[in-house]
Amino acid sequence: MIDLKDLRETPDKYRKGAADKNVRVDIDAILDFDLRHRAAQQEFERLRAEQNAASQSIGKLKDPEEKKLAVARVGTLKASVKDAEERARQLETDLQALLLLVPQPADLDVPVGRDASENVVVSKWGEPKKFNFKTQNHIELAQKLKIVDFEAGVKLGGSRSYMLLGAGAELHMAVIRLALDIMVRENGFTQVTVPVLVREEAMQGTGFFPTGREQAYHVSEDNLFLTGTAEVGLTAMHAGQTLEESQLPLRYVAVSTCFRREAGTYGKDTAGLYRVHLFDKVEQVVIARNDIEESKLWHRKMLGFAETLLQRLELPYRIIQCCTGDIGVKNASMLDIETWMPSRFDGKDPATGYGETHSASRLYEFQSRRLNLRYKGADGKVRYCHTLNNTVVASPRILIPIIENYQNEDGSVTVPEALRGYMGGRETIS
RNA sequence: GGAGAGGUGGCGGAGUGGCUGAACGCGCCGGUUUCGAAAACCGGUUAACCGCAAGGUUACGGGAGUUCGAAUCUCCCCCUCUCCGCCA
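Below you will find a few notes about this structure. (Residues numbered from 1 in each chain as written. Chains lettered and ligands numbered in written order. Predicted model: local features only at pLDDT ≥ 70, side-chain atom pairs only at ≥ 80, totals over all residues. Heavy atoms only, no water.)

## Topic: the packing of aromatic side chains
To keep things clear, this is the line we draw: Only Phe, Tyr and Trp rings take part, Trp by its six-membered ring, and two of them pair if their centres are within 6.5 Å. Stacked means planes under 30 degrees apart, edge-to-face means over 60, and tilted covers everything else. A run of DSSP states H or I qualifies as a helix once it reaches four residues; a run of E qualifies as a strand once it reaches two. Both are numbered from the N-terminal end. Relative accessibility under 20% of the residue-type maximum defines a buried residue, over 50% an exposed one, and the middle range a partly exposed one, all with a 1.4 Å probe and only protein chains included. By definition, being over a ring means that NZ of Lys or CZ of Arg is both within 6 Å of the ring centre and within 35 degrees of the ring normal.
Going through the model one piece at a time under the given rule, you end up with 7 aromatic pairs. Ring plane angle 15° and centroid distance 5.6 Å describe the contact between W125 and Y317, whose orientation is recorded as stacked. Of this pair, W125 sits in strand β1 (residues 120-125) while Y317 sits in strand β11 (residues 317-321), placing them 192 residues apart in sequence. By relative accessible area, W125 is classed as partly exposed at 31%. Aromatic side chains W340 and Y354 sit 5.1 Å apart centroid to centroid with 75° between the ring planes, which places their arrangement in the edge-to-face category. Note that W340 is positioned in strand β12 (residues 333-340) and Y354 in strand β13 (residues 354-364), a separation of 14 residues in sequence. With respect to class, W340 is no different from Y354; both count as buried. Taken together, F189, W298 and F305 form an aromatic cluster joined through their ring pairs. A cation over an aromatic ring shows up here: R36 above the ring of F33, its NZ or CZ 5.1 Å from the ring centre. The lysine or arginine in question, K301, covers the ring of W298, its NZ or CZ lying 4.4 Å from the ring centre.

In structure tokens form, the structure reads like this:
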């Protein structure tokens, strides 16, 4: 949610912000609704004041005849008050609905671009390994090693379903535990468990609704939604509260199962572990003071925590600054991490070999406004918090680069050193 | 799933149709007192929105309704608690 006052004062900022993000919103219509809403509001308030005054005087009247007359007089006022109220309320509802669609304008340091093709590579870490034998993709490797059963998954859960077994499931838990240890033990984040079944307000408050509603599973029986990330729980946890500045920044991390309908992706990445309906993810969220520089600092730090994990796993990756057309309505800025997945590499252009594994978002007040998440500053003023989030690790997607980069000629997979401690010291999967 | 109780300001807790945006207590802020503090005493202390201002409107879990007028009456929803049943 953007600030209506700010939109009123600097509409061009939001016109450009939406255009840059390829989002169509009619800012002029919003301004017009706003104008009409305020006029209607004032009209209603004037009439209501009149009615209130008249009603109050009735209470003081003693003479029953006089009272009767006064009641009748106010009775006629009632209808016009109700009318004016209805008009003002309707305008407000329309205005709010439109306002929810206005994207957060991208930050100035975000390159303008149409879509993912115009994203910018910021940095690279590690060199993709050269194999001196014919490599296999993670699907072939995993099936031969019997660490993933796709058929069973589909039989039970339909398309984009899978079952990890044996060392596959162990590997999955190992990366999650490594991710949690990095965040909790090494970086002081507080681990939290979150509800993955939430009310509509939590989805709207975190900005996943109304745009993107079709991506969430809806449990209609209870009118609850399955979350696609722990970001929802971690960010909405303090909704409606006024925190103390001294509590900030809040640093939370959670593992949760994530549910995504993947509507509109038919035919994309249909095979394997890349795009699935259900996965587990360790997510980091920071709720910070209302300070742009501080937000930027945390953004880089949070990116760094994810890099730490990939470096421990010795997986080559690159960092992408997403362009305006690819950062979604919520974000002021978004940086993705793409990890080297040998099976995606076309043999010529190295850029083809990287697949997205992480996404770090900086949202400023966008979610806080929707969630009414504020804090009282040292100066006594109440402000909206800034929120940020980033993946620490999402599995099984991360198993793709692990299995593929660590494969051996005989089809076995070496367990990354950083994970061995979580797998009883196991060194290879064969 | 069945039965019942309840949701009021930062907290506790009054309030069953107009004089209640809300008694009283606690807390908090300012002052008096004090070398300083505590105690005591005095004063202040809800928020959002519209408006240059004066002022006005709204809000007692949320929504709808009754009424000239609702924290107070009616209906629906949400949430919390207690008991019974069932259950990991």
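Now, onward.
## Brief notes about the nonpolar core
Applied cut-off: Side-chain atoms within 4.5 Å link the members of a nonpolar core, which is a set of buried Ala, Val, Leu, Ile, Met, Phe, Trp, Tyr and Cys residues. Any two residues having at least one pair of non-hydrogen atoms within 4.5 Å are treated as being in contact.
Ranked by size, the top nonpolar core spans 60 residues in total, and within it I402 and L419 carry the most contacts. Per-element accounting of this core gives the leading share, 11 residues, to helix α7 (residues 167-186). Setting aside anything within four residues of it in sequence, one finds L419 in contact with L171, A174, V175, L178, L313 and I402. In this structure, V232, L243, L250 and I287 belong to the second largest nonpolar core, which totals 23 residues.

## Focus: the environment of R24
Within the element layout of this structure, R24 appears in the loop between α2 (11-20) and α3 (27-60). For the pair R24 and H358, spaced 334 residues apart in sequence, the C-alpha to C-alpha distance is 27 Å.

## A closer look at the pattern of salt bridges
As a reminder of what qualifies: Counted as salt bridges are all cases of a side-chain nitrogen of Lys or Arg within 4 Å of a carboxyl oxygen of Asp or Glu.
Taken as a whole and judged by the stated rule, the model has 26 salt bridges. Put simply, K13 and D6 hold a salt bridge, and the shortest N to O gap is 2.7 Å. Residue K13 is classed as partly exposed on the basis of its relative accessible area, which comes to 41%. With a closest N to O distance of 3.0 Å, D34 and R8 form a salt bridge.

## Details of the sheet that holds strand β14 (residues 374-376)
The criterion, for reference: Only when DSSP finds a minimum of two bridges between them are two strands counted as paired. Axis angles are defined between N-to-C directions and span 0 to 180 degrees, where every axis is a line fitted to C-alpha atoms and, for a helix, only to the segment in contact.
Taken in spatial order, the 3 strands of this open sheet run β8-β14-β15, and their pairing is mixed. A strand with exactly one partner marks an edge of an open sheet, and here the two such strands are β8 (242-244) and β15 (382-384). Across the sheet, the axes of successive neighbouring strands diverge by a mean angle of 35°, strand direction being ignored. Across 3 bridges, β14 lies against β15 in antiparallel orientation. The partner of R374 across the bridge, within β15, is Y384.

## A short note on unusual backbone geometry
The residue after F209, namely P210, is reached through a cis peptide bond having omega 0°. Residues S395 and P396 are joined by a peptide bond in cis, for which omega reads 20°. Among the secondary structure elements, P396 is positioned in the loop between β16 (386-395) and α12 (399-405). Here R160, not a glycine, exhibits a phi torsion of approximately 60°, which is positive. Position of R160 relative to the elements: it lies in the loop between α6 (150-157) and β3 (163-164). Unlike most non-glycine residues, Y364 shows phi in positive territory, near 50°.

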